[in-house]
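Structural characterization, general
One-letter residues, chain by chain:
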Amino acid sequence: MTYSLIAEAVALPNRLMPTDLALESGALVCLIGPNGSGKTSLLHALAGIGQPTGSVTIEGEVLNRLHPDERRRLFAFLPASRDANWPLSVAHVAALGLPSGAAPDAVDKVLDQLGLADLATRRIDHLSTGERSRVLIARALVANPKLLLLDEPVANLDPLWQLRLMDHLRRLAHEEKRAILLAVHDLDLAGLYADRLIIMNNRQIAADGDPATLLAGSHMPAIFGIERKDGSWRPFAGEAPTPSIGRSGRFQAG
Ligand SMILES: Nc1ncnc2c1ncn2[C@@H]1O[C@H](COP(=O)(O)OP(=O)(O)OP(=O)(O)O)[C@@H](O)[C@H]1O
């Protein structure tokens with residue numbers, strides 16, 4: 001079983017250079033890059049936010065022509081903002097991710113998976129930042145969509161929940177054959193969990209391929225200005241090299 005998202009030359013004026021991309025079911029893809037490099041812009045363009053040019057298709061369906069219920073079944077987007085100052089219960093917010101008519105027991109399941117069962121009746125605007133994050137992640141996961149676009153899902157989560165969430169997302173990718181693209185700043189977490197790594201720089205994709213290769217390569221000093229020394233990332237001391245690895249190892253849609 002393979003389904004795919006194919007973005008053809010998708011771009012956002014002044015925010016993202018035209019780029020083509022294919023994401024496949026069964027893979028967890030991490031998106032890394034310095035501040036302002038274009039990670040959120042790429043996720044927005046793929047999610048159809050901000051009037052992107054180009055087209056995005058999932059299983060042959062053009063994303064922005066889908067009925068909202070069909071979109072919820074196929075795809076979910078977690079925005080970077082965790083504001084969520086709404087006077088709504090945790091269970092209510094999680095249920096917002098369900099298509100109309102869907103069985104509500106999916107809400108209990110996802111709240112349980114994200115350690116929110118005891119908070120189900122609490123108002124989201126009365127929760128801590130990390131708890132709110134988990135509620136918004138629950139809303140993104142509740143319909144078990146085939147494609148997940150997640151903007152910094154581990155931001156604000158404590159170390160245990162970062163690992164629990166990444167374990168859960170990897171399980172969704174590998175066992176339930178979901179396609180997952182997530183932005184993350186923690187390079188070690190990306191190295192630990194990514195099946196494929198995309199590096200953004202200057203509002204375009206600078207590299208796309210094997211995580212271990214890319215994390216050990218010249219993009220780290222050249223794009224991030226850091227290098228690994230004695231097992232830790234440090235500011236790069238030398239002259240920044242020119243990146244030598246291009247968009248090798250890209251996935252193609254199956
Ligand atoms: N709404 C907007 N309108 C115009 N330009 C924007 C907008 N949002 C972001 N930009 C610009 O687009 C570029 C890419 O920003 P983007 O938010 O995609 O970066 P990012 O890699 O997600 O950064 P960060 O790690 O800081 O979240 C930046 O130069 C930014 O200033």
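Scroll up to find the structure this text is about.
The structure displayed is predicted, hence computed values, not measured ones. Within any chain, residue numbers begin from 1 and follow the written order of that chain's sequence. The predicted origin of the model limits local features to residues at a pLDDT of at least 70 and limits the giving and counting of side-chain atom pairs to 80 or more, whereas totals for whole chains, interfaces and linings rest on all residues. Heavy atoms from the whole structure form the basis of all side-chain values; hydrogens and water molecules are not counted.

Another point: the packing of aromatic side chains. Any two of the Phe, Tyr and Trp rings considered here, Trp counted by its six-membered ring, make a pair once their centres fall within 6.5 Å; the pair's planes then place it as stacked at under 30 degrees, edge-to-face at over 60, or tilted in between. For the structure on display, the rule yields zero aromatic pairs. Here, a charge over a ring is recorded when the distance from Lys NZ or Arg CZ to the ring centre is within 6 Å and its angle to the ring normal is within 35 degrees. Here the basic side chain of Arg 164 rests over the ring of Trp 161, its NZ or CZ set 4.8 Å away from the ring centre.

Moving on, we get to the side chain of Glu 227. Inspection of the secondary structure puts Glu 227 in strand 11 (residues 226–229). The class for Glu 227 is buried, based on a relative accessible area of 18%. Here Ala 237 takes part through its backbone nitrogen, which lies 3.4 Å from a polar atom of the side chain of Glu 227. Setting aside its immediate chain neighbours within four residues, Glu 227 contacts Ser 232, Trp 233, Arg 234, Pro 235, Phe 236 and Ala 237. Numbering of helices and strands runs from the N terminus; a helix is a DSSP stretch of H or I covering at least four residues, while a strand is a stretch of E covering at least two. Burial here depends on accessible area, computed with a 1.4 Å probe over protein chains only, as a share of the maximum for the residue type. Under 20% is buried, over 50% is exposed, and the range in between is partly exposed. A 3.5 Å cut-off defines polar contacts: any pair of N or O atoms within that distance qualifies, except that in protein one atom must be a possible hydrogen donor and the other a possible acceptor, and neighbouring residues in sequence count only when both atoms are side-chain atoms. Contacts are residue-level and defined by heavy atoms, with any inter-residue pair within 4.5 Å sufficient.

Our focus in this paragraph is the pairing of strand 2 (residues 16–24). One ladder, built from six bridges, connects strand 1 (residues 4–12) with strand 2; its direction is antiparallel. Across the sheet, residue Val 10 finds its bridge partner in strand 2, namely Thr 19. The pairing criterion is simple: DSSP has to find at least two bridges between the two strands. In this structure, the hairpin formed by strand 1 and strand 2 is closed by a connection of three residues, where Asn 14 is found at a positive phi of approximately 65°.

Neighbouring the ligand are Arg 15, Pro 34, Asn 35, Gly 36, Ser 37, Gly 38, Lys 39, Thr 40, Ser 41, Glu 152 and His 185. One of the side-chain nitrogen or oxygen atoms of Asn 35 is found 3.0 Å away from an oxygen atom of the ligand. Within the side chain of Ser 41, an N or O atom sits 2.6 Å from an oxygen atom of the ligand. For this classification, the nonpolar set comprises Ala, Val, Leu, Ile, Met, Phe, Trp, Tyr, Cys and Pro, the charged set comprises Asp, Glu, Lys and Arg, and every other residue, Gly included, is treated as polar. Grouping the amino acids of the shell around the ligand by side-chain chemistry returns one nonpolar, seven polar and three charged. The near set for a molecule or strand comprises every residue that places at least one heavy atom within 4 Å of it.

Put plainly, a pocket is an open set of points on a 1 Å grid over the protein atoms alone with protein on both sides within 12 Å along at least five of seven lines, a cavity is a set where a 1.4 Å probe fits but cannot get out, and a lining residue has an atom within 4 Å of a point. Grid points are joined across faces, edges and corners, and a volume is the space filled by probe spheres set on the points. By the definition in use, this model includes one cavity of 30 Å³ or more. Its boundaries defined by the atoms lining it, the largest cavity holds a volume of some 80 Å³. Lining the largest cavity are Val 10, Ala 45, Gly 48, Pro 52, Thr 53, Gly 54, Ser 55, Val 56, Val 62, Leu 63 and Asn 64. Here the lining of the largest cavity takes four residues from strand 4 (residues 53–58), the largest share from any one element. In terms of residue class, the lining of the largest cavity is built from six nonpolar, five polar and no charged.

For soluble globular proteins, the rule of thumb is that nonpolar side chains tend to be buried together. The term nonpolar core refers to a set of buried residues drawn from Ala, Val, Leu, Ile, Met, Phe, Trp, Tyr and Cys, joined through side-chain atoms within 4.5 Å. Among the nonpolar cores identified, the biggest contains 52 residues, and Cys 30, Ile 32, Leu 114, Met 166, Leu 169, Ile 180 and Leu 182 are the most heavily contacted of them. In this structure Leu 114 touches Arg 134, Ile 137, Ala 138, Leu 141, Trp 161 and Leu 165, once residues within four positions along its chain are discounted. Counting residues in each nonpolar core, the second largest holds 30 residues, with Ala 7, Leu 16, Leu 21 and Leu 31 among its members.

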